[in-house]
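# Fold and geometry: a report
Single-letter residue listing:
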Amino acid sequence: MNFFHERSLSAAASELIHFDADSIRRLGSPDVWLVDPDAYEKNGRVLRDSESPRMLAYSSTDHVLYATDGCNTCAREVDLNKVPDLEGFAEANEFRLDLLEELRQLATKGTK
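A brief structural summary. (Residues numbered from 1 in each chain as written. Predicted model: local features only at pLDDT ≥ 70, side-chain atom pairs only at ≥ 80, totals over all residues. Heavy atoms only, no water.)

## Brief notes about the environment of V78
- The residue V78 is located in the loop between β7 (73–77) and α2 (86–93) in this model.
- A C-alpha to C-alpha distance of 31 Å links V78 and K42, two positions 36 residues apart in sequence. (Helix = DSSP H or I, 4+ residues; strand = E, 2+ residues; numbered from the N terminus.)

## Focus: helix α3 (residues 97–109)
- Over its 13 residues, α3 runs 18 Å from end to end, which matches the ideal 18 Å to within 8%, given 1.5 Å per residue.
- All buried positions along α3 are accounted for by L99, L100, L103, L106 and A107. The buried residues of α3 occupy one face: seen down the axis, they fall within an arc of 125°. In α3, the exposed positions that point more than 90 degrees away from the buried face belong to T108 and K109.
- For α3, the secondary structure elements touched by its buried residues are β1 (2–3), β2 (32–35), β5 (55–59), β6 (64–68) and α2. (Expected span 1.5 Å × (residues − 1). Buried < 20%, exposed > 50% of the residue type's maximum accessible area, 1.4 Å probe, protein only. Arc of directions from axis to C-beta. Contact = heavy atoms within 4.5 Å.)

## A short note on the pattern of salt bridges
- Throughout the structure, instances matching the rule amount to six salt bridges.
- We note a salt bridge from E41 to R7, for which the minimum N-O separation is 3.9 Å. Taken together, the residues span a long stretch of sequence, with E41 in strand β3 (residues 41–42) and R7 in the loop between β1 and α1 (11–25) at a distance of 34 residues.
- Via salt bridges that share partners, R7, D38 and E41 belong to a single interconnected network. (Salt bridge = Lys/Arg side-chain N within 4 Å of Asp/Glu carboxyl O.)

## Description of the nonpolar core
- In this structure, L65, F89, F95, L100 and L103 are the most contacted members of the largest nonpolar core, which totals 19 residues.
- Taken together, the elements giving at least two residues each to this core come down to β2, β5, β6, α2 and α3.
- Looking at this core, the element that brings in the most residues is α3, giving five residues.
- Apart from residues lying up to four places away in sequence, L103 is in contact with V32, W33, L34, L56, A57, Y58, L65 and L80. (Core = buried A, V, L, I, M, F, W, Y, C linked by side-chain atoms within 4.5 Å.)

## So, unusual backbone geometry
- Phi angles above zero are rare outside glycine, and H63 is one such case at about 60°.
- Of note, H63 is situated in the loop between β5 and β6.
- Among the residues examined, H63 registers a relative accessible area of 29% and is labelled partly exposed.
- In this model, E94 sits at a positive phi of 60°, which is unusual for a non-glycine residue.
- We classify E94 as exposed; its relative accessible area is 64%.

## Some remarks on the environment of C71
- Mapped onto the secondary structure, C71 falls in the loop between β6 and β7.
- In this structure C71 comes out as exposed when scored by relative accessible area, which is 53%.

Structure follows, in structure tokens:
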């Protein structure tokens, strides 16, 4: 699991990350993961959900993008390496562009 920003999290926030990962695993088997820890805990307060996806996962084999905001988990079939307009894709699907760009870089490198 890759973190967008490295930082320490409380046990409660770490449990939420595991819960969200399990929610994604119920939909498929991604091999690249990206978590924004700032969307799980802020100023010592655990955030139960967020307004936009805080965890993204991608199956480089099946070309499926998974996302969760803590309440909802979704999957979209897309080859991240072939999306010509990542900014437009992010806007149309209400994903954070910075997370999508980082996930695409990780998927290209083959980082798990």
